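Observations on the three-dimensional arrangement
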Amino acid sequence: MTTLDAAQAHFVSRFGECEARLADSSPAWLAPVRRAASERFAELGFPTRKNEAWEYTSVSEIAKASLDPEPPTRDGISRDDIRAILGDDVSADVFVFEDGRFAPEFSSGESLPAGVEVGSLASALGEHPELVRPLLDRADPLDRPFAALNGAFQRDGAFVRVTAGATPQRPIQLLFVASPGASGRVTNPRNIICIDRGAKAAIALRYESRCPGVYWTNA
């Protein structure tokens, strides 16, 4: 078995072990969506240089790592970490995600106008199923191996909704931080951004690390 084949088998096996725990924290309709994504990843596996899109990029180092898709306990970053990352932007509209999960205690959106909602995708699954479900329950992203893997293990991420007529004056910043506890793990944040016709917003996604070891953010 090659390294890529072994890595593929590793994640398929881990999905079987994690599936029940994933289902416990999500609406029932998401379970078959995750399962379909896992099955598609089992078919595709990791891309090789024989794939045109990956002709000049090897993913073998990711495959060798056999990273764990279970996220660490959220206790790894502090306000000082956020200040060190953002500097003078610390008071802006910033929404922080630690190891792919929303961290409201580090987030600030006081200047957001009416008609703009930013927060956790995990919460939006229950609060806005009419918006979220059609976007997650789609076949087209599953043609891409990393998107399929993300779909299998998705738990949380950013949910942004800007309704018609709303125009935030400052960029909405989505800050994803890998904590010290992310070493040896892969996180799979899924971000959904819904901007209505007639609305306008600038959104910046930023990925930073406080992890001293090997980790992977498969956003």
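The following paragraphs examine the structure supplied in this document. (Residues numbered from 1 in each chain as written. Predicted model: local features only at pLDDT ≥ 70, side-chain atom pairs only at ≥ 80, totals over all residues. Heavy atoms only, no water.)

The phi dihedral of S66 falls on the positive side, at around 50 degrees, and the residue is not glycine. By the element assignment, S66 lies in the loop between α3 (60-65) and α4 (79-86). Phi is positive for D99, close to 50 degrees, though the residue is something other than glycine. Inspection of the secondary structure puts D99 in the loop between β1 (94-98) and β2 (101-102). The class for D99 is buried, based on a relative accessible area of 5%. (Helix = DSSP H or I, 4+ residues; strand = E, 2+ residues; numbered from the N terminus. Buried < 20%, exposed > 50% of the residue type's maximum accessible area, 1.4 Å probe, protein only.)

Another point: helix α2 (residues 30-44). In this model α2 runs 21 Å from its N-terminal to its C-terminal C-alpha over 15 residues, within 8% of the 21 Å that 1.5 Å per residue would give. Those residues of α2 not exposed but buried are L30, A31, V33, R34, A37, S38 and F41. Along the long axis of α2, the arc covered by the buried residues comes to 165 degrees, so they all point the same way. With its phi angle positive at about 65 degrees, G45 sits one or two positions after the end of α2. (Expected span 1.5 Å × (residues − 1). Arc of directions from axis to C-beta.)

Glancing now at the packing of α2 against helix α7 (residues 145-153). Each pair of packed helices can be summarised by the angle the axes make with each other and by the distance between the axes. Between α2 and α7, the shortest axis-to-axis distance is 7 Å and the interhelical angle comes to 145 degrees. For the crossing formed where α2 meets α7, the hand is left-handed. Residue-level inspection shows R34, A37, S38, R40, F41 and L44 of α2 in contact with α7, the latter providing P145, A148, L149, G151 and A152. Classifying every residue of the contact of α2 with α7 gives seven nonpolar, two polar and two charged. (Axes fitted to C-alpha atoms, helices over the stretch in contact; angles between N-to-C directions. Left-handed = near helix turned anticlockwise from the far one by under 90°. Contact = heavy atoms within 4.5 Å. Nonpolar A, V, L, I, M, F, W, Y, C, P; charged D, E, K, R; others polar.)

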